[in-house]
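# An overview of the molecular structure
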Amino acid sequence: MTDYELTLKSGKNCAEKSATETYAGDKALKARQIAFLFIAFLPVTKFMAMPKTAAELAGENLWIAVLINILIDLASIIALLFTDKFCGMTFYDLLESFGGTVFAKIILCLYFLFFLIKAFPGLIETSVFVQNTLYETSPTAFSFVPFFITAFYLCSLKLRAIGRLSDVLWLFTLAGFVIVMSLSFESADYAALLPILKNGKNVMKASAKISGWFSDSAYFLFMIGRFDKEKHSFSKIISGYSAAAVLILIFSAAFYAVFESLAPTELFPLAEISKFSSVINAVGRFDYLGIFMLILTAVPATALPVFFAARALKKVTGIKKTWITALVCILSEFVAVIIFKNYYKSISLFINEKLWLWRLLIGNGIPLTMPFIALAVRKKAKKGETRT
(Lines give C-alpha, C1' and ligand atoms only; values in the text may rest on other atoms or scores of the structure.)
Protein backbone atom coordinates (compact mmCIF):
# COMPACT_ATOMS: atom_id res chain seq x y z
CA MET A 1 0.00 0.00 0.00
CA THR A 2 1.41 3.42 -0.97
CA ASP A 3 1.86 6.36 1.39
CA TYR A 4 -0.99 8.11 -0.42
CA GLU A 5 -3.34 5.21 0.22
CA LEU A 6 -2.26 5.01 3.85
CA THR A 7 -3.03 8.70 4.30
CA LEU A 8 -6.46 8.28 2.74
CA LYS A 9 -7.16 5.25 4.88
CA SER A 10 -6.14 7.20 7.97
CA GLY A 11 -8.48 10.02 7.02
CA LYS A 12 -11.39 7.61 6.49
CA ASN A 13 -10.67 5.86 9.76
CA CYS A 14 -10.71 9.18 11.61
CA ALA A 15 -14.04 10.08 10.05
CA GLU A 16 -15.45 6.68 10.97
CA LYS A 17 -14.04 7.06 14.49
CA SER A 18 -15.75 10.43 14.90
CA ALA A 19 -19.04 8.99 13.71
CA THR A 20 -18.70 6.03 16.07
CA GLU A 21 -18.03 8.33 19.02
CA THR A 22 -20.99 10.46 18.01
CA TYR A 23 -23.53 7.68 18.04
CA ALA A 24 -21.97 6.02 21.09
CA GLY A 25 -22.96 9.09 23.08
CA ASP A 26 -19.69 11.04 22.95
CA LYS A 27 -21.41 13.93 21.16
CA ALA A 28 -21.82 15.62 24.43
CA LEU A 29 -23.65 18.83 23.65
CA LYS A 30 -26.79 20.24 22.16
CA ALA A 31 -26.52 23.45 20.15
CA ARG A 32 -28.78 25.03 22.78
CA GLN A 33 -26.24 24.21 25.49
CA ILE A 34 -23.38 25.77 23.55
CA ALA A 35 -25.45 28.94 23.21
CA PHE A 36 -26.17 28.93 26.95
CA LEU A 37 -22.49 28.22 27.69
CA PHE A 38 -21.52 31.36 25.79
CA ILE A 39 -24.08 33.45 27.71
CA ALA A 40 -23.24 31.94 31.10
CA PHE A 41 -19.44 32.02 31.02
CA LEU A 42 -18.09 34.47 28.43
CA PRO A 43 -19.39 37.83 29.74
CA VAL A 44 -18.45 37.52 33.42
CA THR A 45 -14.72 37.14 32.72
CA LYS A 46 -14.83 40.52 30.92
CA PHE A 47 -16.39 42.34 33.89
CA MET A 48 -13.22 42.29 36.01
CA ALA A 49 -10.04 44.03 34.81
CA MET A 50 -10.69 44.16 31.06
CA PRO A 51 -12.70 47.45 30.95
CA LYS A 52 -10.00 49.31 32.91
CA THR A 53 -7.28 48.03 30.57
CA ALA A 54 -9.25 49.11 27.50
CA ALA A 55 -10.03 52.54 28.99
CA GLU A 56 -6.35 53.25 29.66
CA LEU A 57 -5.70 53.48 25.91
CA ALA A 58 -9.03 53.93 24.16
CA GLY A 59 -10.82 56.15 26.67
CA GLU A 60 -14.43 56.74 25.66
CA ASN A 61 -13.96 54.47 22.65
CA LEU A 62 -13.16 51.39 24.73
CA TRP A 63 -16.41 49.77 23.52
CA ILE A 64 -15.07 49.91 19.95
CA ALA A 65 -11.91 48.08 21.02
CA VAL A 66 -14.16 45.47 22.64
CA LEU A 67 -16.34 45.27 19.52
CA ILE A 68 -13.31 44.55 17.30
CA ASN A 69 -12.40 41.50 19.40
CA ILE A 70 -16.01 40.35 19.45
CA LEU A 71 -16.25 40.51 15.65
CA ILE A 72 -13.02 38.53 15.27
CA ASP A 73 -14.38 35.85 17.62
CA LEU A 74 -17.72 35.83 15.82
CA ALA A 75 -15.99 35.31 12.47
CA SER A 76 -13.96 32.46 14.00
CA ILE A 77 -17.08 30.77 15.39
CA ILE A 78 -18.84 31.02 12.02
CA ALA A 79 -15.75 29.50 10.38
CA LEU A 80 -15.87 26.59 12.84
CA LEU A 81 -19.57 26.05 12.20
CA PHE A 82 -18.78 25.66 8.51
CA THR A 83 -15.90 23.36 9.44
CA ASP A 84 -18.30 21.12 11.33
CA LYS A 85 -20.74 21.23 8.42
CA PHE A 86 -18.07 20.31 5.86
CA CYS A 87 -16.55 17.42 7.78
CA GLY A 88 -18.27 16.63 11.08
CA MET A 89 -15.00 15.47 12.66
CA THR A 90 -13.51 16.48 16.00
CA PHE A 91 -10.67 18.99 16.07
CA TYR A 92 -8.00 16.38 16.82
CA ASP A 93 -9.27 13.90 14.22
CA LEU A 94 -9.38 16.62 11.61
CA LEU A 95 -5.79 17.66 12.34
CA GLU A 96 -4.65 14.03 12.33
CA SER A 97 -6.37 13.39 9.01
CA PHE A 98 -4.81 16.51 7.50
CA GLY A 99 -1.23 16.35 8.75
CA GLY A 100 -0.74 13.16 10.73
CA THR A 101 -0.50 12.31 14.42
CA VAL A 102 2.66 14.32 15.15
CA PHE A 103 1.21 17.43 13.51
CA ALA A 104 -2.03 17.07 15.49
CA LYS A 105 -0.19 16.67 18.80
CA ILE A 106 2.04 19.69 18.14
CA ILE A 107 -1.03 21.87 17.54
CA LEU A 108 -2.68 20.53 20.70
CA CYS A 109 0.48 21.31 22.69
CA LEU A 110 0.13 24.91 21.54
CA TYR A 111 -3.47 24.93 22.76
CA PHE A 112 -2.45 23.40 26.07
CA LEU A 113 -0.10 26.36 26.64
CA PHE A 114 -2.64 28.81 25.24
CA PHE A 115 -5.35 27.73 27.68
CA LEU A 116 -3.01 27.71 30.69
CA ILE A 117 -1.85 31.24 29.88
CA LYS A 118 -5.44 32.34 29.25
CA ALA A 119 -6.56 30.91 32.61
CA PHE A 120 -3.89 32.55 34.79
CA PRO A 121 -5.03 36.23 34.68
CA GLY A 122 -8.67 35.18 35.13
CA LEU A 123 -7.86 33.14 38.24
CA ILE A 124 -5.93 36.04 39.75
CA GLU A 125 -8.63 38.58 38.89
CA THR A 126 -11.43 36.45 40.34
CA SER A 127 -9.52 35.71 43.55
CA VAL A 128 -8.58 39.38 44.07
CA PHE A 129 -12.12 40.50 43.25
CA VAL A 130 -13.59 38.06 45.78
CA GLN A 131 -10.97 39.14 48.31
CA ASN A 132 -11.81 42.83 47.90
CA THR A 133 -15.57 42.28 47.77
CA LEU A 134 -16.30 39.61 50.36
CA TYR A 135 -13.49 39.86 52.93
CA GLU A 136 -13.01 42.63 55.47
CA THR A 137 -9.38 41.57 56.07
CA SER A 138 -6.96 40.21 53.51
CA PRO A 139 -7.21 36.41 53.35
CA THR A 140 -4.22 34.17 52.78
CA ALA A 141 -3.65 32.58 49.39
CA PHE A 142 -4.68 29.24 50.86
CA SER A 143 -8.13 30.65 51.61
CA PHE A 144 -8.86 30.03 47.95
CA VAL A 145 -8.07 26.31 48.12
CA PRO A 146 -11.84 25.50 48.06
CA PHE A 147 -12.09 27.46 44.81
CA PHE A 148 -9.33 25.37 43.22
CA ILE A 149 -10.89 22.15 44.53
CA THR A 150 -14.16 23.18 42.87
CA ALA A 151 -12.30 24.06 39.69
CA PHE A 152 -10.59 20.64 39.74
CA TYR A 153 -13.96 18.94 40.09
CA LEU A 154 -15.37 20.92 37.16
CA CYS A 155 -12.32 20.15 35.00
CA SER A 156 -12.66 16.42 35.67
CA LEU A 157 -16.26 16.37 34.42
CA LYS A 158 -17.31 15.39 30.94
CA LEU A 159 -18.23 18.03 28.39
CA ARG A 160 -21.90 17.07 28.59
CA ALA A 161 -21.86 17.94 32.33
CA ILE A 162 -20.56 21.43 31.53
CA GLY A 163 -23.38 21.71 29.00
CA ARG A 164 -25.95 20.79 31.63
CA LEU A 165 -24.41 23.30 34.03
CA SER A 166 -24.78 25.96 31.34
CA ASP A 167 -28.50 25.15 31.07
CA VAL A 168 -28.88 26.61 34.57
CA LEU A 169 -26.10 29.17 35.05
CA TRP A 170 -26.96 31.34 32.07
CA LEU A 171 -30.00 32.47 34.08
CA PHE A 172 -27.74 33.53 36.96
CA THR A 173 -25.49 35.52 34.62
CA LEU A 174 -28.45 37.22 32.99
CA ALA A 175 -30.24 37.95 36.28
CA GLY A 176 -27.07 39.27 37.94
CA PHE A 177 -26.32 41.44 34.93
CA VAL A 178 -29.84 42.93 34.87
CA ILE A 179 -29.71 43.78 38.59
CA VAL A 180 -26.31 45.47 38.39
CA MET A 181 -26.95 47.33 35.11
CA SER A 182 -30.41 48.56 36.05
CA LEU A 183 -28.96 50.18 39.17
CA SER A 184 -26.06 51.75 37.25
CA PHE A 185 -28.27 53.41 34.63
CA GLU A 186 -29.21 56.34 36.86
CA SER A 187 -25.61 57.49 37.35
CA ALA A 188 -24.45 56.87 33.77
CA ASP A 189 -23.85 59.70 31.30
CA TYR A 190 -23.74 58.03 27.90
CA ALA A 191 -22.82 61.31 26.22
CA ALA A 192 -19.36 60.67 27.70
CA LEU A 193 -18.89 57.98 25.02
CA LEU A 194 -18.66 60.69 22.35
CA PRO A 195 -16.91 61.52 20.08
CA ILE A 196 -16.62 58.17 18.33
CA LEU A 197 -13.19 57.21 16.98
CA LYS A 198 -11.45 60.36 18.15
CA ASN A 199 -8.17 58.44 18.19
CA GLY A 200 -8.38 55.35 15.99
CA LYS A 201 -4.73 54.36 16.55
CA ASN A 202 -5.22 54.02 20.29
CA VAL A 203 -8.40 52.01 19.72
CA MET A 204 -6.43 49.45 17.71
CA LYS A 205 -3.73 49.32 20.40
CA ALA A 206 -6.37 48.80 23.07
CA SER A 207 -8.00 46.09 20.97
CA ALA A 208 -4.71 44.21 20.75
CA LYS A 209 -3.98 44.70 24.45
CA ILE A 210 -7.33 43.25 25.61
CA SER A 211 -7.39 40.39 23.08
CA GLY A 212 -6.30 37.97 25.80
CA TRP A 213 -9.71 38.32 27.45
CA PHE A 214 -11.27 37.19 24.19
CA SER A 215 -10.23 34.52 21.63
CA ASP A 216 -13.17 32.56 23.05
CA SER A 217 -13.66 30.75 19.75
CA ALA A 218 -10.84 28.46 20.92
CA TYR A 219 -13.37 26.85 23.28
CA PHE A 220 -15.70 26.10 20.38
CA LEU A 221 -12.79 24.57 18.47
CA PHE A 222 -12.87 21.70 20.97
CA MET A 223 -16.63 21.30 20.56
CA ILE A 224 -16.84 20.78 16.80
CA GLY A 225 -17.81 17.23 15.95
CA ARG A 226 -19.21 16.87 19.47
CA PHE A 227 -22.62 18.52 19.29
CA ASP A 228 -25.87 17.33 17.77
CA LYS A 229 -27.01 18.84 14.50
CA GLU A 230 -30.47 19.74 15.68
CA LYS A 231 -32.84 22.11 13.88
CA HIS A 232 -31.50 25.67 13.64
CA SER A 233 -28.30 24.67 15.46
CA PHE A 234 -26.27 27.20 13.42
CA SER A 235 -28.53 30.11 14.35
CA LYS A 236 -28.78 28.99 18.01
CA ILE A 237 -25.01 29.04 18.48
CA ILE A 238 -24.60 32.38 16.70
CA SER A 239 -27.48 33.85 18.71
CA GLY A 240 -25.91 32.62 21.96
CA TYR A 241 -22.56 34.24 21.21
CA SER A 242 -24.27 37.42 20.00
CA ALA A 243 -26.26 37.64 23.25
CA ALA A 244 -23.06 37.26 25.27
CA ALA A 245 -21.43 39.94 23.10
CA VAL A 246 -24.29 42.36 23.74
CA LEU A 247 -23.88 41.93 27.51
CA ILE A 248 -20.14 42.62 27.23
CA LEU A 249 -20.69 45.73 25.08
CA ILE A 250 -23.40 47.13 27.38
CA PHE A 251 -21.20 46.66 30.44
CA SER A 252 -18.18 48.26 28.73
CA ALA A 253 -20.20 51.28 27.61
CA ALA A 254 -21.89 51.66 31.01
CA PHE A 255 -18.52 51.39 32.76
CA TYR A 256 -17.16 54.47 30.97
CA ALA A 257 -20.48 56.30 31.17
CA VAL A 258 -20.43 55.96 34.96
CA PHE A 259 -16.75 56.61 35.72
CA GLU A 260 -15.74 58.75 32.69
CA SER A 261 -12.19 60.06 33.16
CA LEU A 262 -11.74 57.95 36.30
CA ALA A 263 -12.39 54.73 34.34
CA PRO A 264 -8.66 53.88 33.95
CA THR A 265 -8.34 53.77 37.75
CA GLU A 266 -11.23 51.36 38.43
CA LEU A 267 -9.74 47.86 38.54
CA PHE A 268 -12.92 45.97 39.45
CA PRO A 269 -15.91 47.98 38.20
CA LEU A 270 -18.36 45.13 38.81
CA ALA A 271 -18.41 45.93 42.53
CA GLU A 272 -18.55 49.71 42.03
CA ILE A 273 -20.66 50.45 38.96
CA SER A 274 -24.04 50.23 40.70
CA LYS A 275 -23.28 51.70 44.12
CA PHE A 276 -24.03 55.32 43.15
CA SER A 277 -27.74 54.63 42.63
CA SER A 278 -30.17 56.56 44.85
CA VAL A 279 -31.94 53.25 45.52
CA ILE A 280 -28.72 51.87 47.02
CA ASN A 281 -28.34 54.97 49.18
CA ALA A 282 -31.89 54.53 50.46
CA VAL A 283 -32.12 50.79 51.16
CA GLY A 284 -28.53 49.51 51.19
CA ARG A 285 -26.42 47.53 48.78
CA PHE A 286 -28.84 44.91 47.60
CA ASP A 287 -26.90 45.04 44.30
CA TYR A 288 -24.71 42.44 45.99
CA LEU A 289 -27.41 39.93 45.09
CA GLY A 290 -26.54 40.47 41.43
CA ILE A 291 -22.82 40.53 42.18
CA PHE A 292 -23.06 37.19 44.04
CA MET A 293 -24.89 35.67 41.07
CA LEU A 294 -22.08 36.77 38.78
CA ILE A 295 -19.43 35.47 41.19
CA LEU A 296 -21.20 32.11 41.12
CA THR A 297 -20.84 31.92 37.35
CA ALA A 298 -17.29 33.30 37.52
CA VAL A 299 -16.04 30.09 39.17
CA PRO A 300 -16.75 27.76 36.22
CA ALA A 301 -16.00 30.59 33.79
CA THR A 302 -12.42 30.97 35.07
CA ALA A 303 -12.05 27.18 35.19
CA LEU A 304 -13.13 26.78 31.55
CA PRO A 305 -9.66 27.38 30.01
CA VAL A 306 -8.18 24.84 32.45
CA PHE A 307 -10.93 22.38 31.45
CA PHE A 308 -9.84 22.53 27.81
CA ALA A 309 -6.13 22.57 28.72
CA ALA A 310 -6.72 19.25 30.50
CA ARG A 311 -8.43 17.84 27.38
CA ALA A 312 -5.54 18.94 25.17
CA LEU A 313 -3.00 17.40 27.56
CA LYS A 314 -5.00 14.16 27.70
CA LYS A 315 -4.98 13.85 23.92
CA VAL A 316 -1.28 14.68 23.60
CA THR A 317 -0.09 12.31 26.34
CA GLY A 318 -2.60 9.51 25.80
CA ILE A 319 -3.53 9.49 29.50
CA LYS A 320 -6.92 7.81 29.78
CA LYS A 321 -8.07 9.26 33.10
CA THR A 322 -9.30 12.84 32.70
CA TRP A 323 -8.93 13.58 36.40
CA ILE A 324 -5.16 13.07 36.15
CA THR A 325 -4.66 15.73 33.47
CA ALA A 326 -7.17 17.97 35.25
CA LEU A 327 -5.15 17.65 38.46
CA VAL A 328 -1.88 18.46 36.65
CA CYS A 329 -3.40 21.60 35.13
CA ILE A 330 -5.10 22.80 38.32
CA LEU A 331 -1.97 22.25 40.43
CA SER A 332 0.09 24.15 37.83
CA GLU A 333 -2.29 27.10 38.02
CA PHE A 334 -2.49 26.95 41.82
CA VAL A 335 1.30 27.01 42.19
CA ALA A 336 1.50 29.87 39.66
CA VAL A 337 -1.10 31.88 41.58
CA ILE A 338 0.69 31.29 44.91
CA ILE A 339 4.10 32.27 43.52
CA PHE A 340 3.20 35.09 41.14
CA LYS A 341 0.12 36.68 42.70
CA ASN A 342 2.09 39.70 43.94
CA TYR A 343 3.60 40.15 40.46
CA TYR A 344 0.25 40.01 38.68
CA LYS A 345 0.45 43.52 37.18
CA SER A 346 3.89 42.91 35.66
CA ILE A 347 2.92 39.48 34.33
CA SER A 348 -0.38 40.79 32.98
CA LEU A 349 1.44 43.65 31.26
CA PHE A 350 3.90 41.20 29.67
CA ILE A 351 1.11 38.87 28.49
CA ASN A 352 -1.00 41.71 27.08
CA GLU A 353 1.81 43.58 25.34
CA LYS A 354 4.21 40.83 24.25
CA LEU A 355 2.04 37.76 23.67
CA TRP A 356 -1.07 39.29 22.08
CA LEU A 357 -0.11 38.35 18.52
CA TRP A 358 0.72 34.74 19.47
CA ARG A 359 -2.55 34.43 21.35
CA LEU A 360 -4.46 35.94 18.44
CA LEU A 361 -2.91 33.46 16.00
CA ILE A 362 -3.68 30.47 18.22
CA GLY A 363 -7.03 31.70 19.49
CA ASN A 364 -8.43 33.00 16.20
CA GLY A 365 -5.96 32.36 13.39
CA ILE A 366 -6.20 28.57 13.50
CA PRO A 367 -10.01 28.52 13.87
CA LEU A 368 -10.30 30.76 10.81
CA THR A 369 -8.22 28.32 8.74
CA MET A 370 -10.18 25.24 9.83
CA PRO A 371 -12.80 25.34 7.01
CA PHE A 372 -9.98 25.08 4.46
CA ILE A 373 -8.46 22.14 6.32
CA ALA A 374 -11.88 20.47 6.47
CA LEU A 375 -12.38 20.96 2.73
CA ALA A 376 -8.90 19.56 2.04
CA VAL A 377 -9.63 16.46 4.14
CA ARG A 378 -13.01 15.96 2.45
CA LYS A 379 -11.47 16.39 -0.98
CA LYS A 380 -8.76 13.89 -0.11
CA ALA A 381 -11.36 11.38 1.06
CA LYS A 382 -13.40 11.80 -2.13
CA LYS A 383 -10.30 11.24 -4.27
CA GLY A 384 -9.60 8.08 -2.28
CA GLU A 385 -13.12 6.80 -2.99
CA THR A 386 -12.65 7.51 -6.70
CA ARG A 387 -9.32 5.65 -6.80
CA THR A 388 -10.83 2.59 -5.09
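Residues numbered from 1 in each chain as written. Predicted model: local features only at pLDDT ≥ 70, side-chain atom pairs only at ≥ 80, totals over all residues. Heavy atoms only, no water.

Our next topic: the overall build of the protein chain. What the protein chain contains, in helices and strands, is 16 helices and zero strands. When the 388 residues of the protein chain are sorted by exposure, 53% land in the buried category. Put simply, the protein chain shows about 17,100 Å² of open surface, and 67% of that area lies on carbon and sulfur atoms. (Helix = DSSP H or I, 4+ residues; strand = E, 2+ residues; numbered from the N terminus. Buried < 20%, exposed > 50% of the residue type's maximum accessible area, 1.4 Å probe, protein only. Areas by Shrake-Rupley, 256 points an atom, 1.4 Å probe, with all protein chains shown as cover.)

Note on aromatic pairs: each is described by the distance of the centres and the angle between the planes. A complete count under the given rule lists 29 aromatic pairs for this structure. Here Phe91 and Tyr111 contribute two aromatic rings whose centre-to-centre distance is 5.5 Å and whose plane-to-plane angle is 85 degrees, an arrangement assigned as edge-to-face. Taken together, the residues span a long stretch of sequence, with Phe91 in helix α5 (residues 91–99) and Tyr111 in helix α6 (residues 101–134) at a distance of 20 residues. Here Tyr111 and Phe115 contribute two aromatic rings whose centre-to-centre distance is 6.1 Å and whose plane-to-plane angle is 40 degrees, an arrangement assigned as tilted. Of the two residues, Tyr111 and Phe115 are both situated in helix α6; the distance of four residues between them amounts to about one turn of the helix. The pair Tyr111 / Phe115 is uniform in exposure class, with both members buried. An aromatic cluster is present here, built from Phe91, Tyr111, Phe114, Phe115, Tyr219, Phe222, Phe307, Phe308 and Trp358 joined pairwise through their rings. For the cation-ring pair, Lys229 lies above Phe227, with the distance from its terminal atom to the ring centre recorded as 4.7 Å. (Phe/Tyr/Trp six-rings, centres within 6.5 Å; stacked < 30°, edge-to-face > 60°. Lys NZ or Arg CZ within 6 Å of the ring centre and 35° of its normal.)

Here we come to the environment of Val168. Tracing the sequence through the fold places Val168 in helix α8 (residues 159–184). Each C-alpha atom, one on Val168 and one on Ala40, is 8.5 Å from the other, the two residues being 128 residues apart in sequence.

What follows covers the nonpolar core. With 126 residues, the main nonpolar core has Phe38, Phe91, Tyr111 and Phe220 as its most contacted residues. Examining the composition of this core, we find that 16 residues originate from one element, helix α13 (residues 288–317), more than from any other. (Core = buried A, V, L, I, M, F, W, Y, C linked by side-chain atoms within 4.5 Å.)

Using the criterion set out here, one finds ten salt bridges in the structure. Of the charged contacts in the structure, one is a salt bridge between Glu56 and Lys52, with a shortest N-O distance of 2.4 Å. Taken together, the residues Glu56 and Lys52, both in helix α3 (residues 50–58) and four residues apart, mark about one turn of the helix. On the accessibility criterion, Glu56 (37% relative accessible area) is partly exposed. (Salt bridge = Lys/Arg side-chain N within 4 Å of Asp/Glu carboxyl O.)

Once that is clear, we can look at a nonpolar patch on the surface. A cluster of nonpolar side chains, namely Val335, Ile338, Ile339, Phe340 and Tyr343, defines an oily patch on the protein surface of about 460 Å² accessible area. Tracing the backbone shows Ile338 in helix α14 (residues 322–340). (Patch = residues over 30% accessible without salt bridge, like charges linked within 9 Å, V, L, I, M, F, W, Y side chains within 5 Å.)

With that out of the way, let us pick up the state of the cysteines. Using the criterion set out here, one finds zero disulfides in the structure. As a non-bridged cysteine, Cys155 has Cys329 as the owner of its nearest cysteine sulfur, 7.4 Å distant. Cys155 gets classed as buried once you look at its relative accessible area, which sits at 0%. (Disulfide = S-S within 2.5 Å.)

Cis geometry is adopted by the peptide bond preceding Pro195, which originates at Leu194 and carries an omega value of 0 degrees. In this structure, Pro195 sits in the loop between α8 and α9 (200–209). Here Ser215, not a glycine, exhibits a phi torsion of approximately 55 degrees, which is positive. Unlike most non-glycine residues, Glu260 shows phi in positive territory, near 50 degrees. Mapped onto the elements, Glu260 comes out in the loop between α11 (233–259) and α12 (278–283).

Attention shifts here to the confidence of the model for the protein chain. On average, residues of the protein chain score 87 in pLDDT, and 90% of them are at 70 or above. Ignoring residues within four places in sequence, the model shows residues 1–26, a span with pLDDT below 50, making 38 contacts including any to other chains. (pLDDT = per-residue confidence, 0-100. Contact = heavy atoms within 4.5 Å.)

Before going further, it helps to spend a moment on helix α4 (residues 62–86). Residues spaced three or four apart along an α-helix point in a common direction, a consequence of the helix completing one turn every 3.6 residues. A rise of 1.5 Å per residue sets the reference length of α4, with its 25 residues, at 36 Å; its end C-alpha atoms lie 37 Å apart and thus fit the reference within 8%. In the stretch just after α4, Gly88 is the one whose phi turns positive, near 75 degrees. (Expected span 1.5 Å × (residues − 1).)

Attention now goes to the packing of helix α2 (residues 31–41) against α8. Between α2 and α8, the least distance of the axes is 7 Å, while the angle of their chain directions is 45 degrees. The pairing of α2 with α8 is recorded here as oblique in orientation. You can see that α2 and α8 cross each other, and the crossing is left-handed. Between α2 and α8, the residues in contact are Arg32, Gln33, Phe36, Leu37, Ile39, Ala40 and Phe41 and Ile162, Gly163, Arg164, Leu165, Ser166, Asp167, Leu169, Trp170 and Thr173, respectively. (Axes fitted to C-alpha atoms, helices over the stretch in contact; angles between N-to-C directions. Parallel < 35°, antiparallel > 145°, perpendicular 65-115°, else oblique. Left-handed = near helix turned anticlockwise from the far one by under 90°.)

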